[in-house]
Amino acid sequence: MRGAIQAVSLLCALALLGAVAALAQEKAAPPPAGGPPNYLPGSGYNPRKGSSRAAHGFQGPSWDTGTFPHHLVLQDFNGDGIPDLAVSNAGGRSMTVLLGDGKGGFSAPVHYDCGQGPSWLEAADLDGDGHPDLVTANTGAASLTIYFGDGKGNFGRRQELPDILSPSSMIAVDLNGDKLPDLVVAQPGQSRIQAVFNRGSGRMEPGPAYDVSAAPHIIDYADVDGDGRPEVIVGSLVTGMLHVFHANADGTLRAGKPLQVGKNPHYRAYGDFNGDGKLDLAVTVAGDGGAEVYLGDGKGDFTRSAVLPTGISPHGIASGDFNGDGKLDLAAVNRISKDLVVFLGDGKGAFTAGQRLPIGEDVIAVAARHLNRDAALDLILISASTNRVLLLKGDGKGRFAAPGRRV
């Protein structure tokens, strides 16, 4: 079984490095007359029922994406105060945008063309007009695509950034303190990360690259040393190393002390898990079938405090106060065992197992958000096996269920 778990993780990495080339000739259908930009008809979407694929394991509301959704971001794209959703579809040539309806769901999906194999996307105001833009990391096309938002939920104007080799994931963060979001891209084919500087009005300029260990996969950022400047953190699928880079005043990065974690690290969640005012982290380790919790010392170092058994091949993880006790909890999704598990935090850095919920689908990522303005956090998941967004409603007591079903 351990071999199967590691095989899945490595296959995922290969897909991000261009195994999607078999779909290289896939082209987006033209938008229907009078329809939204780059809308792909024929997806089976029913605005009353959500996805037409309700016969699969998850029996709840869902919304179609493109092929092999791999990453999601939640942000208010149209300025109505309601979270909207964007998904990168790594198995094809599209990203999908779904606007929140304010009732705990989303509107019909709108699909936008991009380069081949968009494995990741980020949201940030790159052109300084006050509206969030979107960027996809196109692994198969060795490029980034920027979609400029109009503040109404549309992303019709786009810009291509070529010659960004094998981008697997990406963050938008101000590296040099000029109040403009820059980009940092993980490049597994080159075992490095690369900075892309924002020169204003959405003009992006490739910057220096920094070596890391083999197969850097997921990159994110957090202020782990408490100096008010975010650190760039990238995990290596092969070595199990989390590389930490500190930002200098000129926007360059310097390597900090790396953190050795378990086998095949994937997504991470951050928060103050033990109430000491210092940032901690949790990371899923697919090769070990668990989530590891590390407590930060406020200076950039971490100590492992817990190993939480999740299921088979955990990938996505999210943190939030799921049961309303003022303490951070965790939720992780497992690709092979096709379930979700909740761990309830005690506020001192320890967690107890809570709900385990069968999903019946290959769920690759999860995010926690208030979708319907009630007090309970909800969970948004993306299914790589059925190419759709799934929704689980929280009851505010630490349990989740599909809307309309008993929690």
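Residues numbered from 1 in each chain as written. Predicted model: local features only at pLDDT ≥ 70, side-chain atom pairs only at ≥ 80, totals over all residues. Heavy atoms only, no water.

Undergrad: So what's going on with the pattern of salt bridges? Residues and values would help.
TA: A side chain of one charge can pair with a side chain of the opposite charge when the charged atoms of the two come close. In the structure shown here, the tally under the stated rule is 10 salt bridges. For the salt bridge of E205 with R199, the shortest nitrogen-to-oxygen distance reads 3.2 Å. With a relative accessible area of 39%, E205 lands in the partly exposed category. Judged by relative accessible area, which is 35%, R199 ranks as partly exposed. A salt bridge links R356 to D339; its shortest N-O distance comes to 3.2 Å. With R356 in strand β26 (residues 351–358) and D339 in strand β25 (residues 339–345), this pair connects stretches of sequence that are 17 residues apart. Take D339: its relative accessible area is 10%, and that puts it in the buried class. (Salt bridge = Lys/Arg side-chain N within 4 Å of Asp/Glu carboxyl O. Buried < 20%, exposed > 50% of the residue type's maximum accessible area, 1.4 Å probe, protein only. Helix = DSSP H or I, 4+ residues; strand = E, 2+ residues; numbered from the N terminus.)

Undergrad: Lay out unusual backbone geometry with the relevant residues and their values.
TA: Notably, D163 is not glycine yet its phi reads approximately 60°, a positive angle. With respect to the element layout, D163 can be found in the loop between β9 (157–162) and β10 (169–173). Residue S313 is not a glycine yet carries a positive backbone phi of 60°. Inspection of the secondary structure puts S313 in the loop between β22 (302–309) and β23 (314–320).

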